[in-house]
Structure formats: structure tokens, C-alpha cells
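# Structure at a glance
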Amino acid sequence: DVKVTQSSRYLVKRTGEKVFLECVQDMDHENMFWYRQDPGLGLRLIYFSYDVKMKEKGDIPEGYSVSREKKERFSLILESASTNQTSMYLCASSGHLYEQYFGPGTRLTVT
Amino acid sequence: KQEVTQIPAALSVPEGENLVLNCSFTDSAIYNLQWFRQDPGKGLTSLLLIQSSQREQTSGRLNASLDKSSGRSTLYIAASQPGDSATYLCAVLVDSSYKLIFGSGTRLLVRP
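Rules used throughout
- Residues numbered from 1 in each chain as written.
- Chains lettered and ligands numbered in written order.
- Predicted model: local features only at pLDDT ≥ 70, side-chain atom pairs only at ≥ 80, totals over all residues.
- Heavy atoms only, no water.
- Helix = DSSP H or I, 4+ residues; strand = E, 2+ residues; numbered from the N terminus.
- Rg over C-alpha atoms; globule rule 2.2 N^0.38 Å.
- Buried < 20%, exposed > 50% of the residue type's maximum accessible area, 1.4 Å probe, protein only.
- Contact = heavy atoms within 4.5 Å.
- Phe/Tyr/Trp six-rings, centres within 6.5 Å; stacked < 30°, edge-to-face > 60°.

## Some details on the overall build of chain B
If you tally the helices and strands in chain B, you get 0 helices and 11 strands. In chain B, the succession of α and β elements from N to C terminus is β-β-β-β-β-β-β-β-β-β-β. Taking 112 residues into account, the globule formula puts the C-alpha radius of gyration at 13 Å, and chain B, at 13 Å, falls close to it. Taken over the C-alpha atoms alone, chain B extends approximately 45 × 30 × 20 Å along its principal axes. When the 112 residues of chain B are sorted by exposure, 43% land in the buried category. In chain B, once contacts between residues fewer than 6 apart in sequence are set aside, the share between residues at least 24 apart is 54%.

Structure, rendered in C-alpha cells:
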């Protein structure tokens, strides 16, 4: 079974802090994704990566950056957290059939 | 621009009923379509993946169909159970793209 894990289920940070969200997949997938999910807005793609050290902006990249130094790990970075970044963050990965598998999510609260 | 719509937004049925969830998309140029389940506060669980060349996929009590020409997919759940209560999302992968376009979901409640 594909397994996608995220470093934290719940996270509380202060405005202005630098925040790292980590995602690891164990299926040797080429593609990895970061989404955020908000009530009424659905899932929105922040960034994705189709290879190590390759990344592309999704629909809402502002205020975020990513890092993919190893194939199995994809990190989302909030350089200076703001209250409007309070959300559920979901990581996903996909292989050659493009079926996406999601992690359990990280509920981030920025106060 | 591809848009994905799911109807109804919410559905409440008694246990044991067979039910159909609907998904429609505006552009038939899709690579595949995926159905997911999401429990409150959790991530998405992949239920079924239908490639663009396929008409249907089955897994246990679930059957998903795809009609590209009409831009429609249905998820059929047989003999529903309270444990099926969740939000069901469909998503299409646009040709030559990595991006999944999601519908807004159908929130299902199966009453004991």
C-alpha cells in the first residue's frame, strides 16, 4: 500500500514565524503535491514537483515555497506565517498512472 | 477552463439503500478521473481511478462509470452502511498536466 505521511497532524504557530511542513512518501513516486483545503473553497493546489529539485507553482503559491532535495520528501515552507494561512494542508504523491495518494493532513493554526 | 461539478451537495439515506453520486466536467479532454472519500478532519482516500480509455471500475460495493463524451461520471454505492458516511470527491486529471481539478464534493449521511 502507498503510504504518504505528514510530520504533524496539528500545528499552532505565531504570526511571523517560519513554518515547515514535511511530507514523505514510500512508493518511489515522481510527483508530489501540496494543497490547502478551506471550507467553501475546496482543495487548492499550492505547489507541485515532478522530479527531485524540480517544482512548479500551482494556483495559490503566494506566501509559500517548497523544497524537494530527495525523491521521497517534499517540504512546504511558510516564510512568515500569517493568520490567513490557517488551514488544512494536504500532501499527495503520484506515480506513472497519475493516481494521487494523500497524506492525513496537517491542521495549521496561525495566531 | 475545466470545471467539475458534483450534485447533490448533500445526501441523507437510510441504511441499505443503493445510491448514485454524480460528477460532471466541462472539458472531455481528460487523462483520468478519480473518486475520493474524505472523513471529517482527515486526508483523502482514493477509492477508484478510471483511465480515459475505460468505461468503469469496481471495488467491492463501489462502481464508478465514466462517459467522456457527455462529461459525466457516477459513483454507485450498493447496500449503503453507516460507515459509508463521508464526503465524496471526484477529480479529473487534465490531459498533459499534473493538475487534478476537484469537484466540491457530496456529503453523504447513511442513517442506521
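Read on for the rest.
## Focus on the packing of aromatic side chains
A complete count under the given rule lists 9 aromatic pairs over all chains for this structure. For the pair Tyr-35 of chain A and Phe-102 of chain B, a centre-to-centre distance of 5.7 Å together with 90 degrees between the ring planes defines the contact as edge-to-face. Here Tyr-35 of chain A is found in strand E4 (residues 31-38), whereas its partner Phe-102 of chain B is found in strand E10 (residues 100-102) on a different chain. For the pair Tyr-35 of chain A and Phe-102 of chain B, one class covers both residues: buried.

No statement about biological role is implied by the geometric values presented.
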